[in-house]
Amino acid sequence: MFEEEIERAVRYLHEAEKTLDLAKSGPVSPKKEEKKPEPKKKKEQADPKKQEQPQVSAKAPKATSYVDSLRNQKVIAMRKSDGFYCAGVVVKTTDHKHAIVDFYDDSHQKTTSNYIILIGGATSRPKLRPGDYVLARKIRNASHEIYVPGVLLTDTLDESSDLKHYTVLLYDETSLTVLRKDLIKISKSRFALTCKAIREGRKGKAAYASDDENRDSDGDKRKKR
């Protein structure tokens, strides 16, 4: 009997020690549930309606139309038949290099813009000195006037620009006395080109050829070759 009591006491003691150990270590926390990884979402299929539309390239700006600035302007233009500059009015410009001119003698022609000089409106009137190259207005008859190349020789002592007279030595070695308003100052190169055009006109040739005519003549030469 006594031995059984001793064994029971030892058993109780062991159980008490276990209980004490558990108390010191603290309450046992429940095991955390492991989160299962969420399955990866499948890529959303591209919706054709939501797809970005291709960007439309910006339209190039329209080229500005050519401004016909010479239309209805009073000018003098070199006439192809004789090389003289004659007064007239620009009917229209066909492009940047050519214009249709109606002369006051009822003739008209397509003229290269290099051979057109404005005389109407607010045109400049530079001071003239002896030795300057000019185009002098010369009246042939009541309805026909031309501008001929020359070199300024002398002027009168009158300082009034409207009444001052100028003596000009013309291309044919004749002299002409005119007012300031009848003179147009030009460059040496234009003077030489005008004299050459007059000589060609006297030979029965065209004073000058337009760009179109030059291309045609070059094409004819190639064909002959």
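Residues numbered from 1 in each chain as written. Predicted model: local features only at pLDDT ≥ 70, side-chain atom pairs only at ≥ 80, totals over all residues. Heavy atoms only, no water.

K.L.:
I'd like to hear about the overall build of the protein, residue by residue, with values.
P.N.:
Along its length, the protein carries 3 helices and 10 strands. Listed N to C, the secondary structure of the protein is α-β-β-β-β-β-β-β-β-β-β-α-α in terms of helices and strands. Residue burial in the protein is summarised as follows: out of 225 residues, 28% are buried. If you take every contact in the protein between residues at least 6 apart in sequence, the share linking residues at least 24 apart comes to 50%. (Helix = DSSP H or I, 4+ residues; strand = E, 2+ residues; numbered from the N terminus. Buried < 20%, exposed > 50% of the residue type's maximum accessible area, 1.4 Å probe, protein only. Contact = heavy atoms within 4.5 Å.)

K.L.:
Tell me about the nonpolar core, and please be specific about residues and values.
P.N.:
Ranked by internal contacts, the top residues of the largest apolar core, which has 23 residues, are V101 and L183. Sequence-distant contacts of V101, defined by excluding residues within four places in its chain, comprise V75, A77, G88, V89, V90, S107, H108, Q109, T111 and I116. With 14 residues, the next largest nonpolar core counts Y85, Y115, Y147 and I186 among its residues. (Core = buried A, V, L, I, M, F, W, Y, C linked by side-chain atoms within 4.5 Å.)

K.L.:
Tell me what's going on with the pattern of salt bridges, and back it up with residues and numbers.
P.N.:
Applying the stated criterion to the full structure yields 6 salt bridges. One salt bridge connects R79 with D82, and the closest N-O pair in it is separated by 2.6 Å. Its relative accessible area of 9% is what places R79 among the buried residues. Judged by its relative accessible area of 16%, D82 is buried. With its nearest N and O atoms 3.9 Å apart, the salt bridge here joins K185 to D132. Here K185 is found in strand β10 (residues 183–186), whereas its partner D132 is found in the loop between β5 (116–118) and β6 (133–141), with 53 residues between them in sequence. The exposure class of K185 is partly exposed, given its relative accessible area of 40%. According to the relative accessible area criterion, D132 is buried, its value standing at 16%. (Salt bridge = Lys/Arg side-chain N within 4 Å of Asp/Glu carboxyl O.)

K.L.:
Please set out the side chain of R79 residue by residue, giving values where relevant.
P.N.:
Position of R79 among the secondary structure elements: in the loop between β1 (74–78) and β2 (85–93). A distance of 2.6 Å separates the side chain of R79 from the side chain of D82, its partner in a polar contact. At 3.0 Å, the side chain of R79 forms a polar contact with the side chain of D105. (Polar contact = N/O pair within 3.5 Å; in protein donor to acceptor, adjacent residues only side chain to side chain.)

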